[in-house]
2 protein chains.
Amino acid sequence: MARIVMKFGGTSVGDIDRIKNVANRVKREVEAGNQVAVVLSAMSGVTNQLVAWCNQMAKLPDPREYDTVVATGEQVTIGLLAIGLQELGLEARSWCGWQIPIRSNGVHGKARIESINTDRMSAAMAAGQVAVVAGFQAVGPDERISTLGRGGSDTSAVALAAALGADRCDIYTDVDGIYTTDPRIVTKARKLQRITYEEMLELASVGAKVLQTRSVEMAMKHRVRVQVLSSFEDKPGTLVCDEDEIVEKELVSGIAYSRDETKVTLTRVPDRPGVAASIFGPLADASVNVDMIVQNVSEDGRFTDLTFTVSHTDLERAREVLNGAQSTLGFERLTDDPDVVKVSVIGVGMRSHAGIAQKMFQTLALEGINIQVISTSEIKISVLIAEKYTELALRALHTAYGLDAA
Amino acid sequence: MARIVMKFGGTSVGDIDRIKNVANRVKREVEAGNQVAVVLSAMSGVTNQLVAWCNQMAKLPDPREYDTVVATGEQVTIGLLAIGLQELGLEARSWCGWQIPIRSNGVHGKARIESINTDRMSAAMAAGQVAVVAGFQAVGPDERISTLGRGGSDTSAVALAAALGADRCDIYTDVDGIYTTDPRIVTKARKLQRITYEEMLELASVGAKVLQTRSVEMAMKHRVRVQVLSSFEDKPGTLVCDEDEIVEKELVSGIAYSRDETKVTLTRVPDRPGVAASIFGPLADASVNVDMIVQNVSEDGRFTDLTFTVSHTDLERAREVLNGAQSTLGFERLTDDPDVVKVSVIGVGMRSHAGIAQKMFQTLALEGINIQVISTSEIKISVLIAEKYTELALRALHTAYGLDAA
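Here the structure is a predicted model, which is why all the values come from computation and not from measurement.

**Quick word on the relation of the copies chain B and chain A**
- Under the fitted operation, chain B is carried onto chain A by 0.1 Å of movement along the axis and a turn of 180°, and the coordinates agree to an RMSD of 0.2 Å. Between the two chains, the operation in question is that of a two-fold axis. Using C-alpha coordinates, one finds that chain B approaches the rotation axis most closely at Thr72 of chain B, a distance of 2.8 Å.
- Interface overlap between copies is the fraction of interface residues in one copy that are interface residues in the other; for chain B against chain A it reaches 95%, indicating a shared surface.

Written out as structure tokens, the structure is:
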């Protein structure tokens, strides 16, 4: 007998018929002999409505009250699913965060789970009862409801799977798994059977938003096997797991892209120790998230050019901060270019194989695509190119790394 | 400094603008130097939607899960009002039933409040914080949410006022007070300044549904002064209070009516000891609520006619029960008449004054209205008449008892 956590997102519980559909899926897992805990989001749209109401009451609503309001969406769906499961002849009960309890650090609006007491739930599950748990919510040291921030239900599910010692955490969503790249652009994209935590994290960080980053980090830390699969179709998805579980490792697992990048260049920055800190410190203070950074070698040892990327929404703030400090920083000119895309090749195989970066550069060169910025991590190579080449670059790289579906 | 509980129903918190309006009302009470607790219902329509969803999931939804779902409506409004109060510069926080806690007997769907621990709330109120409390909900011995049944927010408010030792419990609603009779029918109806608990209970039991009966019973038991007033207009309402607080007692306070009556007559019932019990026992077992009962004196000492009233929705069940037992009960025929109305004259003054019933009978006789059934209590006289005379009877009685507005 296995223990399984099943998590369903907002579209999967979007109306009564879909909640009944979820009940049937849960029933199949129970009939297969598994102990099941289900984690639910609110009906799609409901959380947005609740957030909108809070913002209509005040520009900056008290986060404690905000949490009280927005946590109700999940309380509705868990009650309804428990009713639906009972209607199918199963034992089931709903659990709010405070009833379990799922304890958080109490940072309202973006709380972190600190502990989950699974004693009662675990006993009930062992006795055959399906536990239906509200995602997204916990209770803080102040005994008030705290929410985990957007996408927090994924984190709830993984944390619960870790606490329950579950064999698997199945995340049901509106896509049927993790693909080698965006299938809307590359028709030959393939669904991956397995992917490592590390690769999944890199994919998430470059814009493939299937799983919330925090939930993947938590899964990696606690070695929770996470399966991403469709709530509307009945077929296996993609397993996010430890590298050891993947026998046939591919050199490259996926190719991701992010259009939300603006290239910022500062020309003729004085080339002296501490100049980078003096530029990026104020940006960090202004909560501007800086991504790729390249500093050219200066020819004369006196001036250098500095290039980095920020998200579109952060550009205006970055401009204000830097132009305001131009005299102190001493650069000549700030230019920016929003028409860029970051393309990333990701794979744990590149740790042990040379030539993967070289293949990327060659492939892009053959297509006549100029690389503007390069940055690398242990399992990822990212390049910044002109946005108009997005599709061309993705398709060429997908073929070059042998990822095309047969 | 006084302590006041303010309760707002579903229409008073029906949208964001109305919740802001409630916040302003609360602010005025605080600025007048009062310690204030606010009890809220869900936005109007929301509870119905939640109930409908439960019923769509199952014909007989688990009442524990039903409670989990329907209690969310109040959780939304308390969070929103707390935000609104803070926006006006007041200290405020929301309290769910389980956070206070308000303890119930755990009978889900129709729980009764057993105790309220006001220690923390009371301290916070003394320190200037407005307590915003979810009506309708409590937490049972099973540590699960239990709701108090329809209209339960009135009961929450009165119970909280009793526990807090509040000076007054103000029930804001969509009418501006208690009237001598239905102003839609009698244009000369007057708003009462004060009315006793006993009279209010009789009014509620004959269909004047301004306050939930249980909340009036509780107010009477704990001597909580309840004011009924409009949430949309700014003027005093009607105070429901102890008889001692009413200096100028009127003989008759109000005239009420209920159209939800069907007259049932059993002819030629054997007139022997125990016959009433043998008829009304099975009806009670079938949850048929029997109201007025009249047994005629039998002429020959062998047979009698028995007449009683039931609500329209109970008629079919009453018919089934009685016709099914006709041979045992031995009556000749069952007839029913739905076209009747119960008109009641109510007043604590009739305890010490004779002639009040007589005036009722005379007034109706003068209008040519035949009385079909009479029943009386210490402070109420009710008659059953043909429904078509409803308006005529109400107007004539209102004038006869000197209730007409000048």
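**Structural notes on the UniProt feature "binding site: substrate" (unreviewed entry) in chain A**
Residues and elements named next belong to chain A.
- Within this structure's numbering, the places UniProt gives as "binding site: substrate" (unreviewed entry) are Thr47 and Glu74. Taking the farthest pair of C-alpha atoms as the criterion, the annotated set spanning 28 residues converges on one region, since that pair is 8.8 Å apart.
- Within the secondary structure layout, Thr47 lies in helix α2 (residues 46-57).
- Non-local contacts of Thr47, meaning those with residues more than four positions away in its chain, are made with Ala42, Glu74 and Arg150.

**Digging into the interface of chain B and chain A**
- Across the contact, 37 residues belong to chain B and 35 residues belong to chain A.
- Of all residues in chain B, the largest losses of buried area upon contact with chain A belong to Met57, Ile83 and Trp98 of chain B, amounting jointly to 21% of the total for that side.
- Remark: the boundary between chain B and chain A carries zero salt bridges.
- There are twelve residue pairs in polar contact (both at pLDDT 80 or more) connecting chain B and chain A.
- Every element with two or more residues in the side of chain B that touches chain A is listed here: α1 (16-31), α2 (46-57), α3 (63-70), α4 (72-87) and β3 (92-95) of chain B.
- With eleven residues, α4 of chain B is the single largest residue contributor to the side of chain B that touches chain A.

**Let's talk about the pattern of salt bridges**
Residue and element names in this part refer to chain A.
- Under the criterion given, the structure shown has 52 salt bridges over all chains.
- Among the ionic pairs, Glu243 bridges to Arg351, the shortest N-O distance being 2.9 Å. Highlighted residues: Glu243 in the loop between β12 (238-241) and β13 (254-258) and Arg351 in the loop between β18 (340-346) and α12 (356-366), separated in sequence by 108 residues.
- The exposure class of Arg351 is partly exposed, given its relative accessible area of 36%.

**Details of the packing of helix α6 (residues 152-164) of chain A against helix α8 (residues 213-222) of chain A**
Residue and element names in this part refer to chain A.
- As a packed pair, α6 and α8 sit with axes 8 Å apart at the nearest point and diverge in direction by 10°. By the angle between their axes, α6 is roughly parallel relative to α8. Contacts between α6 and α8 involve Asp154, Thr155, Val158, Ala159 and Ala162 from the former and Arg214, Ser215, Met218, Ala219 and His222 from the latter.
- Here the contact of α6 with α8 is built from residues that sort into five nonpolar, three polar and two charged.

**Some details on the packing of aromatic side chains**
Residues and elements named next belong to chain A.
- This model, assessed by the stated rule, comprises five aromatic pairs over all chains.
- Here Phe8 and Tyr172 contribute two aromatic rings whose centre-to-centre distance is 4.4 Å and whose plane-to-plane angle is 15°, an arrangement assigned as stacked. With Phe8 in strand β1 (residues 3-8) and Tyr172 in strand β9 (residues 168-173), the pair connects residues that are 164 residues apart, well separated along the chain. The burial state of Phe8 is the same as that of Tyr172; both residues are buried.
- The cationic tip of Arg93 hangs over the ring face of Trp95; the distance from NZ or CZ to the ring centre is 3.8 Å.

**Let's talk about the sheet that holds strand β14 (residues 262-270) of chain A**
Residue and element names in this part refer to chain A.
- Strand order in the open sheet made by the four strands is β15-β16-β14-β17, with antiparallel pairing throughout. If you trace the sheet from one side to the other, it starts and ends with β15 (290-295) and β17 (333-337), each paired once. For this sheet the average axis-to-axis angle between neighbouring strands, irrespective of direction, equals 20°.
- Note that β14 and strand β16 (residues 303-310) share seven bridges and pair antiparallel. Within β16, the residue paired with Thr262 across the bridge is Val310.
- Packing of helix α10 (residues 312-324) onto the sheet brings it into contact with β14, β16 and β17, and relative to β17 it is tilted by some 175°.

What counts and what doesn't
Residues numbered from 1 in each chain as written. Chains lettered and ligands numbered in written order. Predicted model: local features only at pLDDT ≥ 70, side-chain atom pairs only at ≥ 80, totals over all residues. Heavy atoms only, no water. Least-squares fit on C-alpha atoms with pLDDT ≥ 70 in both. Contact = heavy atoms within 4.5 Å. UniProt positions renumbered as here; feature names shortened; annotations may be inferred. Helix = DSSP H or I, 4+ residues; strand = E, 2+ residues; numbered from the N terminus. Buried area = accessible area lost by both parts, 1.4 Å probe. Salt bridge = Lys/Arg side-chain N within 4 Å of Asp/Glu carboxyl O. Polar contact = N/O pair within 3.5 Å; in protein donor to acceptor, adjacent residues only side chain to side chain. Buried < 20%, exposed > 50% of the residue type's maximum accessible area, 1.4 Å probe, protein only. Axes fitted to C-alpha atoms, helices over the stretch in contact; angles between N-to-C directions. Parallel < 35°, antiparallel > 145°, perpendicular 65-115°, else oblique. Nonpolar A, V, L, I, M, F, W, Y, C, P; charged D, E, K, R; others polar. Phe/Tyr/Trp six-rings, centres within 6.5 Å; stacked < 30°, edge-to-face > 60°. Lys NZ or Arg CZ within 6 Å of the ring centre and 35° of its normal. Pairing = 2+ DSSP bridges.

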